Amino acid sequence: MSVIFDQSNGQYSLHTKNYSYIMQEKEGFLLHLYWGKKIFGDCSYMFREQGRAAFSPRMENCDGFILDDIPLEYPCWGRADMRTPALEITNPDGSVIVDLRVVGRRIEKGKQGIKGLPAVYTENESECETLVVEMLDSVSNIAVELYYCVLEDYDIITRYTKIINKGDSEVRIDAAASAAVDFDHIKFDVISNFGTHCRERNIERAPLTHGRYIMSSRRGASSHVHNPFLILTSPTADEVSGDAYGFVLVYSGNFTAEIAATQFDSARAVIGLNPDSFCWTLGAGEEFTTPECVMSYSGEGLDTLSYNFSRVFRERLARGKYRDVRRPVLLNSWEACYFGFDSERLIKIGDSCAELGIELMVIDDGWFGKRNNDNCSLGDWYVNEEKMPGGIKRISDHLNAKGVKLGIWFEPEMISPDSDLYRAHPDWCLHYDNRPRSEGRYQLILDLTRQDVCDYIYESVAKVLREGGISYVKWDFNRNMSEAGAMLLGKDRQREVDFRYYLGLYSVLERLNEEFPDVLFESCSGGGGRFDAGMLYYMPQVWTSDNSDAIERLRIQYGTSLVYPMSAMSAHVSASPNHQTAHVTPFDTRFTVALTGSFGYELDPTALSSEEQQKVRETAELYKEYGEMLAKGRYHRLRDPHNEPCSAWCTVSEDKSVCVAGYVLTHVRLYGNNERVQLRGLDPDAIYKERFTGATYRGDQLMNFGLHAPTTLEFHSILWILEKID
Ligand code: DGJ
């Protein structure tokens, strides 16, 4: 049993395979007692009331708790807890108070979905037990249900919150976090992702200090800038030792992930919808459910924490036909020809794909409306017959006959002011009637809070897919939101727009997944501007970054791997010199770096030398051989490209029989040291044979001494493929 409630002392114990999460009811409050390595028994003694009033009031006539100093599971604003709340509500009488007490609890087998929102799922009831703690504010009649879903084998607990207005008037929810956790100390390092377009998900690690440390987005997307997760570690934790706590939000819009150190040297983590851009009017009898937060703990450092998240996201968040299979080797036309293509050129590239063993060709931006550059036609999702006489069908028939599948690019949430759609429906974009509309990349964003707009998007994409011949869709989103008004909503509901937008988007994606289960959807937002767990529920892979430079990708992939699976990261071999950075990088390095993700090419194969074409042939075959193992195996970060002049990693199959390891020298030093890479996760007693050299090693040698790495040629790399022979 992974959820236990002990009536005698009010203790709730949630147990996963390797850790425990303990709470307790006291005077109606739900207290947090413990989260860490597995423990059992009565934990009542852990609650310590120090009486540190320090200006903070006590509850009820100075007999009750100092709310500001006790560890609460779902802290609310309005009584005497002055820290960041999880829930804030304005009542019909104008008071801003929520005072929740436990009134009941349910323990359920399995895990329910969350209506309209992406969420971790299970394949059978035995994978999860769900605890629902029922709380009530008896003055306002606001009821709150706290959901704790314990996926024992995955070492995962997910949390979300349902708010139910049982009163007879409408209230306004001003903040509704998915989860909060109070820790009784501040000895933490905070790890997060930061970045920008083409430089996403770098890692930042800093000791927690007093004040609020907030990662957030108000951009109408999870964004390139921060990512919706938060990791806390003990100060000396590294990849293989120390405590590591992680929180990942399953949502693609505005979020906040905060950790704050308090006046009493305790810490509070809060994660969920960003209250700076959110309010929700909840009518009498209505319910509101927050997005889900996925939490995990590792007592063995970051490697295990990343494994826990990447495993559950790959196996129990991503869905559909492509979840468990190797993704097709693809070639994307964007860096091959940008807007400069016609059918003839595409057919030539497609023929080359067939010759080189590439399984799928993607026609990127530029096939529709009258789009020859980025200033028009978004919304006009019909083929540009001038460029492509005979339409997409002609190309797909040609390619399919040669055994190559076809993929296609859309940016369905957008509208160009220069488009037939805009001329017909100038009111379909997010806007305020009395304000100018800021364009980003010459485009505006459609108002997905509207059902007619959602239906239009769905039908435009579905119509093209129904014509057949398309196996893959790249779904792009190339600007952030501004002047995000939804004119059909009332004036007091404009702060609902971000959340309603994502409910609209998720509903469209759900319908498309249902109607086209055989199509592989890839998410993109100028690369990784919406690389989040929400999108992974509908699309199992994401174009990781618009920066396709292998050297730059080392950091991006490293940072992304903190919580996301490698199979979610689309990674392509691009041309050299690279189009974004002009780095000149050997083909082998570009391949070694791309191989760990969902693999493809981002170049014009017809422009390659015959030697390079041969490389493409060979590398496509290698990916076909190892792609599934790489997707399902356990990924280990070995050398940190943020802080070292190199990067190294390895992926080990579940049964430890195969290991694919890579090393890239990013900065050469004269008289380099004796660089060696110590692998991780192998069978110490097994003998492994390296594929390219035929050399044999024991697993313990590979892990404890390691393998010699190149030290003399900048941007050169080495790929080791080790297979167990004994
Ligand atoms: C941004 C994407 O990230 C690129 O890969 C490409 O699809 C362009 N958009 C096309 O406009």
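Please refer to the structure higher up on the page.
Read on for an overview of the structure. (Residues numbered from 1 in each chain as written. Predicted model: local features only at pLDDT ≥ 70, side-chain atom pairs only at ≥ 80, totals over all residues. Heavy atoms only, no water.)

## Some thoughts on the overall build of the protein chain
Using the following cut-off: Helical segments are the DSSP runs of H or I of at least four residues, strand segments are the runs of E of at least two, and each set is numbered from the N terminus. Values of the radius of gyration come from C-alpha atoms, whereas the globule rule sets the reference at 2.2 Å times the count of residues to the power 0.38. Only protein chains enter the calculation, and the probe is 1.4 Å; a residue is then buried if its accessible area is under 20% of its type maximum, exposed if over 50%, and partly exposed in between. The criterion used for residue contact is that any of the two residues' heavy atoms lie within 4.5 Å. Surface accessibility in these figures is a Shrake-Rupley result with a 1.4 Å probe; residues are shielded only by whichever protein chains are displayed. In this tally, Lys and Arg are treated as positive and Asp and Glu as negative; His is ignored, and so are the chain termini. In plain terms, the charge of a residue is placed at NZ if it is Lys, CZ if Arg, CG if Asp and CD if Glu.
Helices and strands together make up the secondary structure of the protein chain, namely 13 helices and 38 strands. Over its C-alpha atoms the protein chain spans a radius of gyration of 26 Å, differing by no more than 12% from the 27 Å that the globule rule assigns to 726 residues. By the burial criterion, 62% of the 726 residues in the protein chain qualify as buried. Partitioning the contacts of the protein chain with sequence separation of at least 6, the portion at a separation of at least 24 is 68%. Just so you have it, the protein chain exposes about 26,600 Å², and 48% of that area is on carbon and sulfur atoms. Across the protein chain, the mean location of the 77 positive side-chain charges is 1 Å away from that of the 106 negative side-chain charges.

## Examining the site of the ligand
To keep things clear, this is the line we draw: Working definition: residue near molecule or strand if any one of its non-hydrogen atoms lies within 4 Å of it. Side-chain atoms alone can form a polar contact between residues adjacent in sequence; in general such a contact is a pair of N or O atoms within 3.5 Å, and within protein one must be able to donate a hydrogen while the other accepts it.
In the neighbourhood of the ligand, 13 residues make up the surrounding shell, with Asp-364, Asp-365, Lys-474, Asp-476 and Asp-546 lying closest. Taking Lys-474, its side chain carries an N or O atom lying 2.7 Å from an oxygen atom of the ligand. Within the contact set of the ligand, an oxygen atom lies 2.3 Å away from a side-chain nitrogen or oxygen of Asp-546.

## Quick word on the pairing of strand E4 (residues 29-37)
Quick note on the threshold: At least two DSSP bridges between two strands are required for those strands to pair.
Summarising burial for E4: seven of the nine residues are buried, a large majority. Taken together, the eight bridges between strand E3 (residues 19-26) and E4 define a ladder with antiparallel strand orientation. Bridge pairing in E4 links Tyr-21 to Trp-35. Linking two consecutive strands that pair antiparallel, namely E3 and E4, is a turn of two residues; a positive phi of about 50° is found at Glu-27 within it.

## Looking at the packing of aromatic side chains
The geometry of two aromatic rings is summed up by the distance between their centres and the angle between their planes. As a reminder of what qualifies: Ring pairs shown here join Phe, Tyr and Trp side chains whose ring centres sit within 6.5 Å, with only the six-membered ring taken for Trp; geometry is labelled stacked below 30 degrees between planes, edge-to-face above 60, and tilted in between. By the criterion adopted, a ring carries a charge over it if an Arg CZ or a Lys NZ lies within 6 Å of its centre and within 35 degrees of its normal.
Inspection of the entire model under this criterion finds 43 aromatic pairs. For the pair Trp-280 and Phe-288, a centre-to-centre distance of 5.0 Å together with 50° between the ring planes defines the contact as tilted. According to the relative accessible area criterion, Trp-280 is buried, its value standing at 9%. Given the relative accessible area of 2%, Phe-288 is considered buried. Ring-pair connections join several aromatic residues into one group, and the members of that group are Tyr-251, Phe-278, Trp-280, Phe-288, Phe-499, Tyr-501, Tyr-502, Tyr-506, Tyr-537 and Tyr-538. Sitting above the plane of the Trp-543 ring, Arg-553 keeps its charged end 4.6 Å from the centroid. Over the aromatic face of Phe-705 sits the side chain of Arg-676, whose NZ or CZ is 4.2 Å from the ring centroid.

## Here we look at the side chain of Ser-217
One can find Ser-217 in the loop between strand E13 (211-216) and strand E14 (229-233). A relative accessible area of 2% means that Ser-217 is categorised as buried. At a separation of 3.1 Å, a polar atom in the side chain of Ser-217 contacts the main-chain amide nitrogen of Arg-219.

## Focus: helix H4 (residues 343-356)
Rules: Working rule for helices: expected span equals 1.5 Å times residues minus one.
Under the 1.5 Å per step criterion, the end-to-end length of H4 is 20 Å for 14 residues, consistent within 8% with the ideal 20 Å. The inward-facing, buried residues of H4 abut strand E21 (330-332), helix H3 (334-337), strand E22 (360-363), helix H5 (391-401) and helix H12 (610-632). In the stretch just after H4, Gly-357 is the one whose phi turns positive, near 85°.

## Some points on the pairing of strand E38 (residues 717-724)
Strand direction decides the pairing type here: strand E33 (residues 658-665) and E38, joined by seven bridges, are antiparallel. Following the sheet pairing, Ala-661 is matched in E38 by Trp-720. Pairing between strand E35 (residues 687-690) and E38: three bridges, direction antiparallel. Paired with Tyr-688 across the bridge in E38 is Lys-724.

## Comments concerning the pattern of salt bridges
Two side chains that carry opposite charge are able to pair once their charged atoms sit near each other. Under the convention used in this document: Salt bridge, as applied in this entry: a Lys or Arg side-chain nitrogen positioned within 4 Å of an Asp or Glu carboxyl oxygen.
The tally for this structure, following the rule as stated, stands at 63 salt bridges. A salt bridge links Glu-515 to Arg-466; the nearest nitrogen and oxygen atoms lie 2.7 Å apart. One end of the pair, Glu-515, is in helix H8 (residues 497-515); the other, Arg-466, is in helix H7 (residues 451-466), and 49 residues separate them in sequence. Judged by relative accessible area, Glu-515 falls into the partly exposed class, the value being 32%. Residue Arg-493 is joined to Glu-496 by a salt bridge in which the shortest nitrogen-to-oxygen separation is 3.1 Å.

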